[in-house]
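The lines below spell out each chain.
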Amino acid sequence: MTMRRVNQGAILLVAALATWIVVVERMRGMDAGPGTDLGGLGWYLGIWVTMMAAMMLPSVAPMVLLFDKVSTERARRDVPYVPTWVFTLAYFAVWTGYGLLAYGMYRGVRALDPGVLAWDRGGPYVVGALLVLAGLYELTPLKSVCLRHCRSPLHFVVAGWRNGVTGAVRMGAEHGAYCVGCCWGLMVILFALGVMSLVWMGVVAGLIFVQKVAPHGDRLSRPFAVAFVAVGIWIASASSTVPGLTQPNSPAADQARMRMMHVQPGMQSPQMKSPSTGDSSMMP
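Just so you know, the residues in each chain are numbered from 1, in the order the chain's sequence is written. Residue-level local features of this predicted model are given only where pLDDT is at least 70; pairs of side-chain atoms are given and counted only at 80 or more, and the full residue set underlies all totals for whole chains, interfaces and linings. Excluded from the side-chain calculation are hydrogens and water; included are all heavy atoms of the structure.

Chemist: Describe the packing of helix α7 (residues 164-194) against helix α8 (residues 198-213), and please don't skip the residues or the numbers.
Modeler: Contact geometry for α7 and α8: axes closest at 10 Å, N-to-C directions at 160°. Considering the angle they form, α7 stands roughly antiparallel to α8. Taken as a pair, α7 and α8 cross one another with a handedness that is right-handed. Contacts between α7 and α8 pair Cys179, Cys182, Cys183, Leu186, Met187, Ile189, Leu190 and Leu193 from the former with Trp200, Met201, Val204, Leu207, Ile208, Gln211 and Lys212 from the latter. All residues other than Ala, Val, Leu, Ile, Met, Phe, Trp, Tyr, Cys, Pro, Asp, Glu, Lys and Arg, Gly among them, are scored as polar; the first ten of these are nonpolar and the last four charged. Residue composition of the contact of α7 with α8, by class: 13 nonpolar, 1 polar and 1 charged. A fitted line through C-alpha atoms represents every axis, and for helices the fit uses only the stretch in contact; the resulting angles, taken between N-to-C directions, go from 0 to 180 degrees. Labels follow the DSSP assignment, with helices taken as runs of H or I lasting at least four residues and strands as runs of E lasting at least two, numbered in each case from the N terminus. Each angle receives one of four descriptions, namely roughly parallel if under 35 degrees, roughly antiparallel if over 145, roughly perpendicular if within 65 to 115, and oblique otherwise. Put simply, a crossing is left-handed when the front helix is turned counterclockwise from the back one by less than a right angle, and right-handed when it is turned clockwise. Should any heavy atoms of two residues lie within 4.5 Å, those residues are counted as being in contact.

Here is the structure:
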């Protein structure tokens, strides 16, 4: 391994650590459970991009390092090359698009204000169903194809290398699209359990890393599927017994919403009654 690759790996490691520190600092105490308010678009986008950098940099590092190695070799041979950051920005632009789509869907549901999402009504069943959906997706051919691509950066570079800035952007976007195809179900789990939860964020990031980078990680789809379905059924049947799951109608969730209002002065006050009334909503 050349000194340049060591330096690039160190940069990625430091960047991942730095973004985790920022995320912990900004999100500490803001877990209001399923249906946590996403706040204004600007605030959410800043949080989302930082989260994606923290969660995805470790698992995308092999691809970034390989792209950098090829680019460096092309520069050494006086062949036109593109800086690695162009590829990386295109990759994260795709994840940003996914986050904006999720935000739009969230706002659409909030605008409809369906009472069925109240936590004392259908909320636990909706969250449970989302986890079951994510589990079933683990068994689909599309998941298999996307995971295989994410675990084989050398094949991607050899078979799909494109020259120039446009080519690097396209490669980054394609790799990002495969990554979204591989991990969107895991991100749905994060949204379902509480997108501001540092606990669930860490769990999902760990699952992504293990499945995409660890040896034999491609064999984990079936165990993941079983686990997600089981947890989904657990939440639907007895959500209050699930460790780490903040109940949206609990005092802890109320405190989290108050903290978010302090961070976002323009955020609307949560229209919630005391948890004892049974009228708290999954969508605060």
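Picking up after the structure, the text goes on.
Chemist: Got a sec to walk through helix α6 (residues 153-160)? Specific residues and values, please.
Modeler: With a 1.4 Å probe rolled over the protein chains alone, any residue whose accessible area is under 20% of its type maximum counts as buried; one over 50% counts as exposed, and the rest are partly exposed. Three or more residues of α6 are buried, namely Pro153, Phe156, Val157 and Gly160. Buried residues of α6, seen end-on, are gathered within an arc of 105° and therefore sit on one face of the element. Of the exposed residues in α6, the ones pointing more than 90 degrees away from its buried face are Leu154, His155, Val158 and Ala159. The inward-facing, buried residues of α6 contact α2 (41-76), α3 (84-112), α5 (141-150) and α7. Think of the arc as the fan of directions from the helix axis to the C-beta atoms.

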